[in-house]
Amino acid sequence: MGTAAAGGGCGGCRWLPWLGLCFWAAGAGAARGTDNGEVLPDSIPSAPGTLPHFIEEPEDAYIIKSNPIALRCKARPAMQIFFKCNGEWVHQNEHVSEESLDESSGLKVREVFINVTRQQVEDFHGPEDYWCQCVAWSHLGTSKSRKASVRIAYLRKNFEQDPQGREVPIEGMIVLHCRPPEGVPAAEVEWLKNEEPIDSEQDENIDTRADHNLIIRQARLSDSGNYTCMAANIVAKRRSLSATVVVYVDGSWEVWSEWSVCSPECEHLRIRECTAPPPRNGGKFCEGLSQESENCTDGLCILGIENASDIALYSGLGAAVVAVAVLVIGVTLYRRSHSDYGVDVIDSSALTGGFQTFNFKTVRQGNSLLLNPAMQPDLTVSRTYSGPICLQDPLDKELMTESSLFNPLSDIKVKVQSSFMVSLGVPERAEYHGKNHSGTFPHGNNRGFSTIHPRNKTPYIQNLSSLPTRTELRTTGVFGHLGGRLVMPNTGVSLLIPHGAIPEENSWEIYMSINQGEPSLQSDGSEVLLSPEVTCGPPDMLVTTPFALTIPHCADVSSEHWTVHLKKRTQQGKWEEVMSVEDESTSCYCLLDPFACHVLLDSFGTYALTGEPITDCAVKQLKVAVFGCMSCNSLDYNLRVYCVDNTPCAFQEVVSDERHQGGQLLEEPKLLHFKGNTFSLQISVLDIPPFLWRIKPFTACQEVPFSRVWSSNRQPLHCAFSLERYTPTTTQLSCKICIRQLKGHEQILQVQTSILESERETITFFAQEDSTFPAQTGPKAFKIPYSIRQRICATFDTPNAKGKDWQMLAQKNSINRNLSYFATQSSPSAVILNLWEARHQQDGDLDSLACALEEIGRTHTKLSNITESQLDEADFNYSRQNGL
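First, a word on scope: everything that follows refers to the structure included in this document. (Residues numbered from 1 in each chain as written. Predicted model: local features only at pLDDT ≥ 70, side-chain atom pairs only at ≥ 80, totals over all residues. Heavy atoms only, no water.)

Let's talk about the overall build of the chain
For the chain, the helix and strand inventory stands at 11 helices and 57 strands. Looking at the chain as a whole, 46% of its 884 residues are labelled buried. Of all intrachain contacts in the chain linking residues separated by at least 6 positions in sequence, the fraction that spans at least 24 positions is 69%. In the form shown here, the chain has an accessible surface area of approximately 44200 Å², with 51% of it arising from carbon and sulfur atoms. (Helix = DSSP H or I, 4+ residues; strand = E, 2+ residues; numbered from the N terminus. Buried < 20%, exposed > 50% of the residue type's maximum accessible area, 1.4 Å probe, protein only. Contact = heavy atoms within 4.5 Å. Areas by Shrake-Rupley, 256 points an atom, 1.4 Å probe, with all protein chains shown as cover.)

Here's the deal with the state of the cysteines
Using the criterion set out here, one finds 5 disulfides in the structure. Residue Cys-73 pairs covalently with Cys-134 via a disulfide, S to S 1.6 Å. Residues Cys-73 and Cys-134 share a disulfide whose torsion about the S-S bond is about 95°; that sign makes it right-handed. Of this pair, Cys-73 sits in strand β8 (residues 69–76) while Cys-134 is found in strand β13 (residues 130–138), placing the two residues 61 residues apart along the sequence. A residue is classified by how much of its surface remains accessible, and Cys-73, at 0% relative accessible area, is buried. Covalently, Cys-274 is tied to Cys-286 through a disulfide, its sulfur atoms 1.9 Å apart. Here the disulfide of Cys-274 and Cys-286 is right-handed, its torsion about the S-S bond being about 80°. Here Cys-274 is found in the loop between β27 (267–271) and β28 (291–295), whereas its partner Cys-286 is found in the loop between β27 and β28, with 12 residues between them in sequence. (Disulfide = S-S within 2.5 Å.)

So, the nonpolar core
Counting 67 residues, the largest nonpolar core has Leu-495, Leu-549, Leu-639, Ile-737 and Ile-739 as its most contacted members. If sequence neighbours within four positions are ignored, Leu-549 has contacts with Ser-494, Leu-495, Met-512, Val-534, Cys-536, Cys-597, His-598, Val-599, Leu-601 and Tyr-607. Listed in part, the 29 residues of the second largest apolar core include Ala-781, Cys-793, Leu-835 and Ala-838. (Core = buried A, V, L, I, M, F, W, Y, C linked by side-chain atoms within 4.5 Å.)

Brief notes about unusual backbone geometry
For residues besides glycine, phi is generally negative; the peptide bonds are generally trans as well. The omega torsion of the bond from Ala-276 to Pro-277 falls at 0°, within 30 degrees of zero and hence cis. By the element assignment, Pro-277 lies in the loop between β27 and β28. That bond from Gly-537 to Pro-538 is cis: its omega, 15°, falls within 30 degrees of zero. Tracing the backbone through its elements, the reader meets Pro-538 in the loop between β40 (534–537) and β41 (547–552). The residue Cys-266 is not glycine, and still its phi comes out positive at about 65°. With respect to the secondary-structure elements, Cys-266 resides in the loop between β26 (243–248) and β27. Here Ser-814, not a glycine, exhibits a phi torsion of approximately 60°, which is positive. By the element assignment, Ser-814 lies in the loop between α8 (806–812) and α9 (820–823).

Let's talk about the packing of helix α7 (residues 786–796) against helix α10 (residues 828–839)
Geometry of a packed helix pair, given as the angle between the helix axes and the separation of the axes. In contact at an axis separation of 8 Å, α7 and α10 are set at 135° when each is read in the N-to-C sense. When the axes of α7 and α10 are compared, the pair comes out oblique. Between α7 and α10 lies a crossing whose hand is right-handed. Of the residues in α10, those in contact with Arg-789, Ile-792, Cys-793 and Phe-796 of α7 are Ser-829, Ala-830, Leu-833 and Asn-834. (Axes fitted to C-alpha atoms, helices over the stretch in contact; angles between N-to-C directions. Parallel < 35°, antiparallel > 145°, perpendicular 65-115°, else oblique. Left-handed = near helix turned anticlockwise from the far one by under 90°.)

Considerations on the environment of Phe-547
Within the fold, Phe-547 resides in strand β41. Sequence separation between Phe-547 and Ile-497 is 50 residues; the distance between their C-alpha atoms is 5.2 Å. Excluding anything up to four places from it in sequence, Phe-547 contacts Leu-495, Leu-496, Ile-497, Pro-498, Cys-536, Val-599, Leu-600, Leu-601, Asp-602, Ser-603 and Phe-604.

Concerning the packing of aromatic side chains
Per the stated rule, a full pass over the model turns up 15 aromatic pairs. Judged by centre distance (4.9 Å) and plane angle (55°), the rings of Tyr-589 and Phe-822 are tilted. Taken as a pair, Tyr-589 in strand β44 (residues 589–592) and Phe-822 in helix α9 lie far apart in primary sequence, 233 residues in all. Seen from their ring centres, Tyr-637 and Trp-693 are 6.4 Å apart, and the 70° between their planes marks the pair as edge-to-face. On the criterion of sequence distance, the pair formed by Tyr-637 in strand β48 (residues 636–645) and Trp-693 in strand β52 (residues 693–695) is long-range, its members being 56 residues apart. (Phe/Tyr/Trp six-rings, centres within 6.5 Å; stacked < 30°, edge-to-face > 60°.)

So, the side chain of Asn-818
Tracing the chain through its elements places Asn-818 in the loop between α8 and α9. Residues within four places of Asn-818 in sequence aside, it is in contact with Met-579, Asp-583, Glu-584, Ser-585, Cys-588 and Tyr-589.

A few points about the sheet that holds strand β36 (residues 484–488)
Across the sheet, 6 strands lie side by side as β44-β45-β41-β37-β36-β57; this open sheet has antiparallel pairing. Unpaired on one side and paired on the other, β44 and β57 (775–777) mark the two borders of the sheet. Taking each pair of neighbouring strands and ignoring which way they run, the sheet shows an average axis angle of 10°. Strand direction decides the pairing type here: β36 and β57, joined by 3 bridges, are antiparallel. Bridging from a neighbouring strand, Arg-485 pairs with Gln-776 of β57. With respect to the sheet, α10 is in contact with β36, β37 (493–497), β41, β44 and β45 (596–601), its orientation differing from that of β45 by roughly 150°. (Pairing = 2+ DSSP bridges.)

As for the pairing of strand β54 (residues 717–725)
For a regular strand, side chains alternate in direction, first toward one face of the sheet and then toward the other. For β54, the tally of buried residues reaches 9 of 9 residues, placing the bulk of the element in the interior. Here β54 shows no split at all, with Leu-717, Cys-719, Phe-721, Leu-723 and Arg-725 on one side and His-718, Ala-720, Ser-722 and Glu-724 on the other all buried. Across 8 bridges, the pairing between β48 and β54 is antiparallel. Opposite Tyr-642, over in β54, you have His-718 as the bridge partner. The sheet contact formed by β52 and β54 spans 3 bridges and is antiparallel.

Focus: the side chain of His-598
You can see His-598 is positioned in strand β45. Judged by its relative accessible area of 4%, His-598 falls in the buried class. Side chain to side chain, His-598 and Thr-550 meet in a polar contact 3.0 Å long. In contact with His-598, not counting residues within four places along its chain, are Leu-549, Thr-550, Tyr-589, Cys-590, Leu-591, Asp-593, Leu-835, Ala-838 and Arg-839. (Polar contact = N/O pair within 3.5 Å; in protein donor to acceptor, adjacent residues only side chain to side chain.)

Regarding the sheet that holds strand β6 (residues 53–56)
Pairing within the open sheet is antiparallel, and its 4 strands lie in the order β6-β8-β12-β11. Strands with a single pairing partner mark the edges of an open sheet, and in this sheet they are β6 and β11 (96–101). Here the average twist between neighbouring strands, direction ignored, is 25°. Here β11 runs beside strand β12 (residues 108–116); their pairing, made up of 6 bridges, is antiparallel. The residue bridging Val-96 from the neighbouring strand is Phe-113, located in β12.

Let's talk about the environment of Gly-225
With respect to the helices and strands, the residue Gly-225 is situated in strand β24 (residues 225–232). Taking the C-alpha atoms as reference, Gly-225 lies 10.0 Å from Leu-192; in sequence the two are 33 residues apart. Among all residues touching Gly-225, those that are not within four sequence positions of it are Asn-194, Ala-243, Thr-244 and Val-245.

Some details on α10
The end-to-end C-alpha separation of α10 is 17 Å, in line with the 16 Å expected for 12 residues at 1.5 Å each. Most of α10 sits inside the fold, with 11 of its 12 residues counted as buried. Of all the positions in α10, only Pro-828, Ser-829, Ala-830, Val-831, Ile-832, Leu-833, Asn-834, Leu-835, Trp-836, Glu-837 and Ala-838 are classed as buried. (Expected span 1.5 Å × (residues − 1).)

Here is the structure:
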């Protein structure tokens, strides 16, 4: 019902609304004016003293093709009714009026209607839709009806998004996306399966949401078929492309059968079949063996010997084995009793993949470092060593070598060859194994190498695990209804608590920690840990809207080469998969950026990312850095080259360890792309200034096995090099560190430094602003002002016929998959903005969001300016100039 306006009325007159006058017919009396300029009759006929009341008001209407539409009004008591369209009165000639008497009340009822044509709507150039309303008069004043809009109906040809076919395992989730063509009025969507309509009310497993997507929560074999999205409005119907869904079943093994009877060959068998269930619809066949055999006499089965010659043969072989064993033991005892060096020489090839072999000869009495190839064989002992050798003080007659360049191992290989063994006809090198000696350096010794002393002297081997270690990094903050942000400084780990996630009048102390000890997540098969293990809590806290957890990772992201999984640790300490990053899920959402993964969750716990390489082109990003420090020997300078996962927290652990050892960063760290092609990593020192510095013999190049780098989940991987000055006056060091993967990427670290701390230029480890405010609460923690955020949500949460809704907001912010997750949220736009906040916590780039919103506006305008040639016969020409 419209509003009523008091004022003079007139009856039996010809009303000209665009002039504001009422002209009476001849004989009815002369017209007179009023103070407000109205012209009223000399006498007013008697009528009930009531304002007009609308019995029927004009309704919104759509023009189909070129057919005009009729707008109707009915009011009582009413002397006149006229239409006003777009603020202007409609000419009287265009009105059709009917008058009747309400028998129950005795009041006069007047009904009026007008026709609105397509041409009138197209010729209107206003900021809003074409509209009309009625104005009714009685003796006491006027009443206005509601405004009715008139629009040209259409439905475009092409779907904005067609459903895509999928292959899913049985009981997996199926999500088919559909965005219907733009139309006025907005199209209704119906799903067909094999040309039959789907009724979600009859099947609780199927959900058709307001955003037009089809969700099947747990796929069944019967859900396989061809799915079509149907869109229709009052103008036309449209069919999307059909999407073929295949629900497959992977085969599984029955349980093993009973063992068969023991055969003459002392073996029995058991079998199992791939029928529980059998593979269907292209599912994988069962993995593993279908038949298994084993000895059935506990190894005591003796096959028949045909004749005495076989007995003689086996006896001779046994005697030969015993003789060789005695010979080897004798040679070993002889070498131990006649060697100045013993067997404590470490072969670093066991650790580094092998180095070049070299020979040298030493005189038993005299200088242990004298190299003389002309010596007589009976006066020398010749040894061949594989691995880096470090020779020191010639007066000490001690052979010194590097310790384990990586984590200490439980035992170390020693390979020795002497001229005595050659004379005995044993050309191959014998192998011995000896336990390494654990221990620590004397107080204040920061050397990266250990010394192996002769017998009766105490050996010292550097043990990295003896350095001060931390089991976890931890930070806390108290948060309430206004939300906030919790940041772990210099680690890349953060937690965003959205506004309203915590109920009003409540507050929680929320903590976040990173495990820096041995990872509890042990990788299976080819799976690799790509991130730190991050814990957030308390675990019993409930949130009303998802929070955003940001975890750094070291994968070179590509869906063609990696399958990335999010895993969560249970209360029993086991790790379970939450989801694959590329999967569809309504329980959580993962957005994988180049250096971090942003996860939307509704429960706290311990989370980590793992990756499964699909091809050998999968790449892990490593951060390579070089640190240096003086050794106890004033002429020596130690270089330590680290290769760690490219996550800020992994490098922070390196920095902390180096601070304990007095190390200084000598060059800005660089990224190395390490491929999963099984080739090892080589680290070498190049371009050492001659006559100023020298490196220990045969230690300029070290090699790390592929598996040690690829699955480096323990302490930081590093190699150590020792350089020696010729004179104490040398204070400047320049050289190059080359880190390269065989048949892969290479990086060069340029070292240009002073070994004197007072002259050395400090290189910053981390940006300082990252550690300023670990916990921020309330509005200051968010980049988007709350008022602007509310307006964005109000605009995009409401479905829009022209496509300007939260799905377009997601698309313009590079969120293109698993949109069904947002569809389940009470405010999809708010969750999308939370994800934007998590991604832009460092730069706070509001310009990017503004550009996205501006682009949505431009897209909306372009869609409104598409010409009639893009519509089929059932569509109609429209443009922005026509008010649509």
